[in-house]
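Structural features, examined
What follows is each chain in one-letter form.
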Amino acid sequence: MNVLWSDEPPASAANVVHRHIGALRKILEPGLHSRTKAEHLARAADGYRLLVNASTSDLMRFRDLRAQAQLAVKAGDPGQAAQDFVEALRLWRSPVVAEGTSVAENPVFTSVGHEFVATVKEAADVVLASAPALTEEVLSALRRAVDHHPFDEALHSQIIAALAATGRQAEALQQFATIRDTLAAELGVEPGAGLRTAHNRLLQRRLSPDADKATARTGAASGPTHLPAAPAPFTDRAEALSQWQELHPLDNQSQSPTIVALCGMAGVGKTTLAVHWAHTAADRFPDGQIYVDLQGYHSSQQPLDPGQAMSALLHALGVSPNQSTDPAALNSAYRAALARRRLLIILDDARDCEQVRPLLPASPGSLAIVTSRRRLEGLTVTHNAQTITLNPMTRQESLQFLERRLGTDRIRAERTAAEEVVELCGRLPLALAVAGARALSRPRFPLASLATQLQDGLVALSSQDTHTDARTAFRRSYDALSTGAATLFRLLSLHPSRDITPRAAASLAGTDLRATLEHLAELADHHLLAELVPDRYTCHDLLRAYATELSTLLDTTTAQSQARARMLEHYLYSAEAATALLAPHRNTINLPPPRPGVRPQEFNGHTDASEWIIAERYLLPVLAKDTRHHPRGETLRKHLTSTLQMSLRPQGS
């Protein structure tokens, strides 16, 4: 009561407390029927007790992580300490009590605020010394802390050091000037010794002729830094990370630049991974780290032409390009600016190879990371680019992704529902991020209810934000297709299996095999299909759902029925051909000629036919039961069933 009433409590104080306790119970345990069974807010002899631990309290988890980090520092493991400190800071969202109230001044609550500030300072010391990739995250925490403690010179000193470490010397100088003026105006004092030391180090860093060497030793960058903030929380991708580590992009002694093409379907997390890698490697490129959005698949803007991108890069380097519109002059200025510089450049969302080629650095030791929905195989031919295809997350990575957003306890409590959410999202980071945001906005809803909503497919993943709407992301890839490839993509949704052969696709679309192969290659190039094994193309579940929506909207009922009929006949005639090879002694079925556009599978021998039968063993029985779309459905069903019985029965029976 002393917290609520600094003076003598009123006569109604006990009733007021009881009402507050009742309101808290409704929030903490909404399904509680009897207060005697309360698990979180229990009655005690001297009042009430809040029963929490590190699994149910952010504050206790925060304290545990801080203690772990301090132990890691003592054990000589600053890398682990940095991770623990940063994870602790991620739990901190705002002051525990609203500012400006009398309650906020109570020592119980002010001491918690002091814990946060102390942890931020400890984290900054460790990160700046041993984990530069986490600097941006600590800088964000430092700024939150200084907002509530504007005269804490130690916080300002660490902000200056963090800004300098990321190459933002001008911003660091402005930070010092601001706090110096504030101290003079508000307190009538000059900066203390610690703040003056931070300022002097900053000046020495800017003026020293050996700045580049000092930068290499300290792991900080002296050139311009124009990278987006490091993604947090970040879930590493084991397969892609393994490929990244096999490359040698960080060898500053290399006699040529390293070009890495990071490719994959829409929403798979290419930009996030590229920015993460750039932050981890930034200290190796002291002449600058620059990010350019090429807008290859932007929802409303046209892709940047190479000249626009060059101008943006020159501006980031602090170079004022000649205002001449002559492309040759601009290209010359660009090459001159990049010469003898070791740069890290992210060229994000490239439309095609032609957009990227003029922008690639030529100076030894530089690194360019290009992200695109296209495969960019041409860059491998012309620039020896090393390609990494980013696939959807594994199940374990997807669960970790959700865990870092929703908390370990929530995922563990509903593991089965979480796994269902992961599969319904197709293990695609964009879809998982949207689903995670929905779960965060409804903390008291079970994950099972989210899984039920996600069974509606893309409808449940729709968003008013074009940057996070899965359907919008897929549409940008679809809109880039030729007419033939777009038609095939839609019709693939009618196929009952996730994978399909080129001849089956040709039959489905009613096109010749050569044109179909070109369309399949185009779809694979845009990562709308994947050729996981030779001559079998697979479509991601969410992309299939999008194709279904498009087919329903754009293809007539007649066109869909004809496509299904051709597909059924394709498998009937293919199965009959396989049976003729595998069991020639058996009675054959007299089939009428296939309709135009059907391209039955052709087999080179017994092995080829047997492998096809094995690959389609689950699909063929499904087709035999689903002949209602064919004009001669019952006749076809009998033929297909008879063929299946012969082709799937062991020989000699």
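Residues numbered from 1 in each chain as written. Predicted model: local features only at pLDDT ≥ 70, side-chain atom pairs only at ≥ 80, totals over all residues. Heavy atoms only, no water.

Quick word on the pattern of salt bridges
Summed over all chains, the structure comprises 23 salt bridges. Salt bridges sharing common partners tie together Arg395, Glu423 and Arg427. (Salt bridge = Lys/Arg side-chain N within 4 Å of Asp/Glu carboxyl O.)

Quick word on helix α6 (residues 153-165)
Its 13 residues place the ends of α6 18 Å apart at the C-alpha level, agreeing with the 18 Å of an ideal helix rising 1.5 Å per residue. Its side-chain oxygen 3.1 Å from the backbone nitrogen of Ala154, Asp152 forms the N-cap of α6. The first or second residue beyond α6 is Gly167, which carries a positive phi of 85°. (Helix = DSSP H or I, 4+ residues; strand = E, 2+ residues; numbered from the N terminus. Expected span 1.5 Å × (residues − 1). Polar contact = N/O pair within 3.5 Å; in protein donor to acceptor, adjacent residues only side chain to side chain.)

Things to note about the layout of surface pockets
Where empty space is left in the structure can be found by rolling a water-sized probe over the atoms. Counted as a void, the second largest pocket has a volume near 1100 Å³. Taken together, 38 residues form the lining of the second largest pocket, with Gly269, Thr271, Thr272, Leu430 and His467 sitting closest to its centre. For the lining of the second largest pocket, the secondary-structure elements that each account for two or more residues are α11 (270-281), β5 (289-293), β6 (344-350), α16 (395-406), α19 (429-441) and α21 (470-479). Of the residues that constitute the lining of the second largest pocket, the class distribution is 20 nonpolar, 10 polar and eight charged. (1 Å grid on protein atoms, 1.4 Å probe; cavity = no way out; pocket = protein on both sides within 12 Å on 5 of 7 lines; lining within 4 Å. Points joined across faces, edges and corners; volume = space filled by probe spheres on them. Nonpolar A, V, L, I, M, F, W, Y, C, P; charged D, E, K, R; others polar.)

Topic: the packing of helix α26 (residues 557-582) against helix α27 (residues 606-615)
Where α26 contacts α27, the two axes come as close as 9 Å, and the packing angle between them is 135°. In terms of their interaxial angle, α26 and α27 are classed as oblique. Helix-helix and strand crossings are classified by hand; for α26 and α27 the assignment is left-handed. Only His606, Ala609, Ser610, Trp612 and Ile613 of α27 make contact with α26, whose side of the interface consists of Tyr571, Ser574, Ala575, Ala578, Leu581 and Leu582. Of the residues assigned to the contact of α26 with α27, the class counts are eight nonpolar, three polar and no charged. (Axes fitted to C-alpha atoms, helices over the stretch in contact; angles between N-to-C directions. Parallel < 35°, antiparallel > 145°, perpendicular 65-115°, else oblique. Left-handed = near helix turned anticlockwise from the far one by under 90°. Contact = heavy atoms within 4.5 Å.)

Let's talk about empty space enclosed by the protein
Scanning all chains against the criterion turns up five cavities of 30 Å³ or more. Roughly 70 Å³ of internal volume is contained in the second largest cavity. Lining of the second largest cavity is provided by Arg410, Arg438, Ala439, Arg442, Phe445, Pro446, Leu447, Ser449, Leu450 and Gln453. Sorting the residues of the lining of the second largest cavity by element identifies α19 and α20 (447-454) as the ones contributing at least two each.

Quick look at the packing of aromatic side chains
Counted according to the given criterion, the structure contains six aromatic pairs. Taken together, a centroid distance of 6.4 Å and an interplanar angle of 85° make the contact between Tyr478 and Tyr546 edge-to-face. One end of the pair, Tyr478, is in helix α21; the other, Tyr546, is in helix α25 (residues 541-554), and 68 residues separate them in sequence. Comparing Tyr478 with Tyr546, the two get one shared label, buried. On the numbers, 5.6 Å between centres and 65° between planes, the contact of Phe603 with Trp612 is edge-to-face. The same class applies to Phe603 and to Trp612, which are both buried. Members of the aromatic cluster, connected to one another through ring pairs, are Phe474, Tyr478, Phe489 and Tyr546. (Phe/Tyr/Trp six-rings, centres within 6.5 Å; stacked < 30°, edge-to-face > 60°. Buried < 20%, exposed > 50% of the residue type's maximum accessible area, 1.4 Å probe, protein only.)

Concerning the confidence of the model for the protein chain
Low-pLDDT stretches of the model should not have their predicted coordinates read in fine detail. The predicted model of the protein chain averages 83 in pLDDT, with 81% of residues at 70 or higher. Across residues 207-221 the pLDDT falls below 50, and counting only partners more than four positions away or on other chains, this stretch makes 21 contacts in the model. (pLDDT = per-residue confidence, 0-100.)

What about the packing of α21 against α25?
Two elements in contact, α21 and α25, have axes whose closest approach is 11 Å; the angle formed by their N-to-C orientations is 70°. In terms of orientation, α21 lies roughly perpendicular with respect to α25. Here Arg471, Phe474, Arg475 and Tyr478 of α21 lie close against α25, whose contacting residues are Leu542, Leu543, Tyr546, Glu549, Leu550 and Leu554. Here the contact of α21 with α25 is built from residues that sort into seven nonpolar, no polar and three charged.

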